[in-house]
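Remarks on the overall topology
Listed below, chain by chain, are the residues.
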Amino acid sequence: MARALDKLLGHLTHSIVPGVILASATIAFASARMVGVTADGQVVEIDIDTGVATPLFSIGQGGPLAFDPTTQRLVLKLNDDAATELVFIDPVSGVASPPVGLSGLPPMFENVATVDYAGESGRYVLTAGPTGTVFEDRLVLVDSTGAVLDTSDDLGLGDNDGVVWDDLNSRLVVHDYNASDGLPPVAAIDDPFGTPTYMLLATPPFRSNVGDSAIDPRTGRLYTTGFDSSGGFLVEVLDTSYADIGAFGTSEQVVGIAFVWDAACRADLDGDGQLTIFDFLSFQNLFDAGDPLADFDGDGELTIFDFLSFQNAFDAGCP
């Protein structure tokens, strides 16, 4: 292993093209911005002050949307019959990975609805419930290969319509905007895969025409998509009410939203806050396993260019 790694590092050192990946990423994510995806797969940028959506590129299919700041990839849960597939998308180039199917879902609990980042690189949390129903009463933790890592017990939330990562406060938030059973409409959840506890965050009234949600990492403000006959509109969720911001202006409904922003340090693959030889080892392990996290150039394939792109990120260092 060591000899092979030395050979590889020597090759990379002589082949690297400085700044290829980090230059574009720095420009694209100078500040947090909201993006969305329509039912027919048009990815848009959304003005959070007006709701107006500007087309960026098309990926062909839509669904609930999330963002992994450590990999700088959007995560899409396909909104079609293939309900257990995820797609990873570069929000700059629009390049999307082949669909990744989930493996290891609990038998008879294969109704998967929304997805979001779980607060750790390459980890995603989905709402799930009994097969054949439209009710999600638990959470499922998966990795970037689609493998199920953990499943919560029934969370006691009835129909948990969504889960969203709050980066400002480093916590998961669950919500049910059409709750009518006295359960928390919007609550932070701690230890969902162990002994969950909840902190009530907001109690907006019953509302049925809203969907996927996202939290601004700069402010902690919670937004959701509104649905109407004209293509939908942006909504802010307040403590005890909603603020309808404005129409998206798209012909198709916006079915997924997420904020994208700068990663703290993309090349820190082992998550220890430093860039060391162990990050190279982690990258090589991901590459050898065919993990989408190793797709550093975002072209949907694992090639020598991913090694080059990884070293660009490594050489750029951490902020």
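Residues numbered from 1 in each chain as written. Predicted model: local features only at pLDDT ≥ 70, side-chain atom pairs only at ≥ 80, totals over all residues. Heavy atoms only, no water.

This part takes up the overall build of the protein. Check the secondary structure of the protein and you find 4 helices and 20 strands. Within the protein, the proportion of its 319 residues that are buried is 51%. For the protein, restricting intrachain contacts to residue pairs at least 6 apart in sequence, the fraction spanning at least 24 positions comes to 49%. Here the protein displays about 13600 Å² of accessible surface, and carbon together with sulfur accounts for 54% of that area. (Helix = DSSP H or I, 4+ residues; strand = E, 2+ residues; numbered from the N terminus. Buried < 20%, exposed > 50% of the residue type's maximum accessible area, 1.4 Å probe, protein only. Contact = heavy atoms within 4.5 Å. Areas by Shrake-Rupley, 256 points an atom, 1.4 Å probe, with all protein chains shown as cover.)

Turning next to the side chain of aspartate 279. Within the secondary structure, aspartate 279 sits in helix α3 (residues 277-288). Residue classification places aspartate 279 among the buried positions, given a relative accessible area of 0%. Leaving out residues up to four positions away in the same chain, aspartate 279 has contacts with Ala267, Asp268, Leu269, Asp270, Gln274, Phe310 and Phe314.

On to the environment of isoleucine 46. Note on placement: isoleucine 46 falls in strand β2 (residues 42-46). Among the residues examined, isoleucine 46 registers a relative accessible area of 4% and is labelled buried. Each residue touching isoleucine 46, except ones within four places of it in the same chain, is listed here: Met34, Val35, Gly36, Gly51, Val52, Ala53, Leu234, Phe248, Val254 and Ile257.

So, about the sheet that holds strand β5 (residues 73-77). Taken in spatial order, the 4 strands line up as β4-β5-β6-β7 in an open sheet, and their pairing is antiparallel. The sheet terminates laterally at β4 (65-68) and β7 (100-101), the two strands that pair on one side only. As paired elements, β5 and strand β6 (residues 85-89) share 4 bridges and run antiparallel to each other. Counted as the bridge partner of lysine 77 is leucine 86 from β6. (Pairing = 2+ DSSP bridges.)

The next point concerns the nonpolar core. In terms of nonpolar packing, the biggest core is built from 38 residues, with Tyr124, Val142, Phe283 and Phe310 touching the most fellow members. Residue assignment for this core shows that the elements contributing at least two residues are β6, β8 (111-117), β9 (123-129), β10 (138-143), β12 (162-166), β13 (171-175), α3 and α4 (304-316). Among residues more than four places away in sequence, those in contact with phenylalanine 310 are Ala267, Leu269, Asp279, Phe280, Phe283 and Phe296. Counting 28 residues, the second largest nonpolar core, distinct from the first, contains Leu65, Val87, Ala214 and Phe259. (Core = buried A, V, L, I, M, F, W, Y, C linked by side-chain atoms within 4.5 Å.)

This brings us to the packing of aromatic side chains. By the definition in use, this model includes 12 aromatic pairs. Judged by centre distance (4.9 Å) and plane angle (80 degrees), the ring pair of phenylalanine 283 and phenylalanine 307 falls under edge-to-face. Of this pair, phenylalanine 283 sits in helix α3 while phenylalanine 307 sits in helix α4, and the two are 24 residues apart along the sequence. Phenylalanine 307 carries the same exposure label as phenylalanine 283, and that label is buried. (Phe/Tyr/Trp six-rings, centres within 6.5 Å; stacked < 30°, edge-to-face > 60°.)

Right, let's talk about the pattern of salt bridges for a bit. The full count for this structure, using the stated rule, is 6 salt bridges. For arginine 171, the salt bridge is made with aspartate 166, and the minimal N-O distance between the two is 2.9 Å. Since its relative accessible area comes to 22%, arginine 171 is described here as partly exposed. By relative accessible area, aspartate 166 is classed as buried at 2%. One salt bridge connects arginine 207 with aspartate 244, and the closest N-O pair in it is separated by 3.1 Å. Taken together, the positions of arginine 207 in the loop between β15 (197-202) and β16 (210-215) and aspartate 244 in strand β19 (residues 242-247) put the pair 37 residues apart, joining distant regions of the chain. Its relative accessible area of 14% is what places arginine 207 among the buried residues. For aspartate 244, a relative accessible area of 47% corresponds to the partly exposed category. (Salt bridge = Lys/Arg side-chain N within 4 Å of Asp/Glu carboxyl O.)

Another point: α4. Its 13 residues give α4 an end-to-end C-alpha distance of 19 Å, which sits within 8% of 18 Å, the value for a rise of 1.5 Å per residue. Where α4 is concerned, the buried positions are Asp306, Phe307, Leu308, Ser309, Phe310, Gln311, Asn312, Ala313 and Phe314. A positive phi of about 75 degrees marks glycine 317, the residue just after α4. (Expected span 1.5 Å × (residues − 1).)

This part takes up α3. Between its terminal C-alpha atoms α3 stretches 17 Å, which fits the 16 Å expected from 12 residues at 1.5 Å a residue. Residues of α3 that are buried: Asp279, Phe280, Phe283, Gln284, Leu286 and Phe287. Along the long axis of α3, the arc covered by the buried residues comes to 160 degrees, so they all point the same way. Away from the buried face of α3 by more than 90 degrees, exposed residues Phe278 and Asp288 are located. (Arc of directions from axis to C-beta.)

So, about the sheet that holds β16. The strand order across the open sheet formed by 4 strands is β16-β17-β18-β19, and the pairing between neighbours is antiparallel. Both outer strands of the open sheet, β16 and β19, are each paired with one neighbouring strand and no more. Strand after strand, the sheet turns through a mean of 30 degrees between neighbouring axes, direction not considered. Inspection of the sheet shows strand β17 (residues 222-226) paired to strand β18 (residues 233-237) by 5 bridges, in the antiparallel sense. Along β18, the bridge assignment pairs tyrosine 223 with glutamate 236. (Axes fitted to C-alpha atoms, helices over the stretch in contact; angles between N-to-C directions.)

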